[in-house]
Amino acid sequence: MTCIASLSLGLTSCSDDNSYSAGPEAGKDVVTFDNEENVVLGIDETDFTVTVTRSDGASALTVPIQVVSAPPTTTVPESVSFAAGETSKEITVSVGDGILPFTKYFLVLSIPIEYAGNTYKADPDTYPRYNVSVLREDYKPWAKCTYAAGAFYNPFPMEIEYSELLDLYRLPDLFSGVSWFFKWDGTSGDDQLFYIADENGNPISKFFSGIVHPSYGNVTANILTKEEAGYLGYYEFETGPEFVFGCEYTVSAGSFGAKIVEIYDIVKY
């Protein structure tokens, strides 16, 4: 028993050599970024704004903005200054002309730790770190239309957009933020060039539609050929001009069946 007691005391005494130093405390001035939405710029645009907020606007405050990662030729203000009474301020970020069209770049900004209190529980829409992609593109509205989504949705109005650089059409954010793309040579009839494409204009045979079934999960659109669907591309019907293609919608459990998808009542800008 004496040996055990001595051993216990020896083990206890070792803890006296442990060193501890507290980490830096978050200050009373909690400053965060107000959103984290990815940035899409027009082909000639160079600037966009980022909103910075703080929880206490009692006095004037200047807070450094730290650049963790940025696209080439990007300029970010070194700090953001709040006047007394201000709790929200916009800073302007300029990407210059050094980013290529249709190439995603990443911008990561942060607030110094002494201003980055844990606000997730109080306000989950604010962030001490700003992490987004930056994309420059030349898509412009090309036509208004009505879209019929086969078995899943009733027809609804939307726009068709066109990129001159890619010579590509898209249905922007068609379902759950997923865009659909197609190539078309501007003609009609059996000899026209028309196919469903990826974002780079390459032909594809299937893709995630953006539709999520409440019971079966992600719905895949399997593109049918003209022989399978009956129509493929642009047609001048008596009821008006239409784009037509066919999809077989499938989930992991199987198929919903072949459904014709139409884009009709086209009103060109």
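Residues numbered from 1 in each chain as written. Predicted model: local features only at pLDDT ≥ 70, side-chain atom pairs only at ≥ 80, totals over all residues. Heavy atoms only, no water.

S.K.: What is the right way to read the side chain of T74 from this model?
M.R.: Here T74 shows up in the loop between strand 5 (66-69) and strand 6 (79-82). Owing to a relative accessible area of 18%, T74 belongs among the buried residues under this scheme. A polar side-chain atom of T74 sits 2.9 Å from the main-chain carbonyl oxygen of P71. In this structure T74 touches V93, S94 and V95, once residues within four positions along its chain are discounted. (Helix = DSSP H or I, 4+ residues; strand = E, 2+ residues; numbered from the N terminus. Buried < 20%, exposed > 50% of the residue type's maximum accessible area, 1.4 Å probe, protein only. Polar contact = N/O pair within 3.5 Å; in protein donor to acceptor, adjacent residues only side chain to side chain. Contact = heavy atoms within 4.5 Å.)

S.K.: Quick question: what am I supposed to make of the side chain of R136 here?
M.R.: With respect to the helices and strands, R136 occurs in strand 9 (residues 129-137). D97 is the oppositely charged side chain nearest to the buried, salt-bridge-free R136, at an N-O distance of 6.7 Å. A polar side-chain atom of R136 sits 2.7 Å from the main-chain carbonyl oxygen of E45. Side-chain polar atoms of R136 contact the backbone oxygen of G96, separated by 3.0 Å. In this structure, R136 is in contact with L41, G42, I43, E45, T46, V95, G96, D97, I99, P101 and F102, ignoring residues within four places of it in sequence. (Lys, Arg positive; Asp, Glu negative; His and termini not counted. Salt bridge = Lys/Arg side-chain N within 4 Å of Asp/Glu carboxyl O.)

S.K.: What is the right way to read the sheet that holds strand 5 from this model?
M.R.: Strand pairing in a sheet relies on backbone hydrogen bonds, with the paired strands running either antiparallel or parallel. The strand order 2-9-8-5 describes an open sheet built from four strands, whose pairing is mixed. Among the strands making up the open sheet, the edge pair consists of strand 2 (39-42) and strand 5. Neighbour-to-neighbour, the strand axes of the sheet open up by a mean angle of 30°, direction not taken into account. One ladder, built from four bridges, connects strand 2 with strand 9; its direction is parallel. Paired with V39 across the two strands is V134, which belongs to strand 9. (Pairing = 2+ DSSP bridges. Axes fitted to C-alpha atoms, helices over the stretch in contact; angles between N-to-C directions.)

S.K.: Would you take a moment to explain the pairing of strand 15 (residues 206-213) for this structure?
M.R.: Within a regular beta strand, the side chains point alternately toward one face of the sheet and then the other, so they alternate between its two faces. Pairing of strand 15 with strand 16 (residues 217-223), which is carried by five bridges, proceeds in the antiparallel orientation. Paired with V212 across the two strands is N218, which belongs to strand 16. The loop that links strand 15 with its antiparallel partner strand 16 comprises three residues.

S.K.: Explanation requested: the nonpolar core in the structure shown.
M.R.: A general trend in soluble globular proteins is that nonpolar side chains are found buried together. Counting residues in hydrophobic clusters, the biggest one holds 32 residues, and the most contacted among them are Y147, W180, F182 and F243. Broken down by element, this core gets its largest block of residues, five residues, from strand 18 (residues 240-251). Contact partners of Y147, with chain neighbours within four places excluded, come to N154, P155, F156, M158, L171, L174, F175, W180, V261, E262 and I263. Judged by nonpolar contacts, the second largest core, of 25 residues, contains V39, V93, V132 and V134. (Core = buried A, V, L, I, M, F, W, Y, C linked by side-chain atoms within 4.5 Å.)

S.K.: Is there a simple way to think about unusual backbone geometry in this case?
M.R.: As a rule of thumb, non-glycine residues mostly have phi less than zero, and peptide bonds are mostly trans rather than cis. For F102, which is not glycine, the phi torsion reads 60° and is therefore positive. Mapping F102 onto the fold places it in the loop between strand 7 (88-94) and strand 8 (105-110). Overall, the relative accessible area of 24% leaves F102 in the partly exposed class. A positive phi angle, near 50°, is found at D167, a position not held by glycine. You can see D167 is positioned in the loop between strand 11 (156-163) and strand 12 (168-175).

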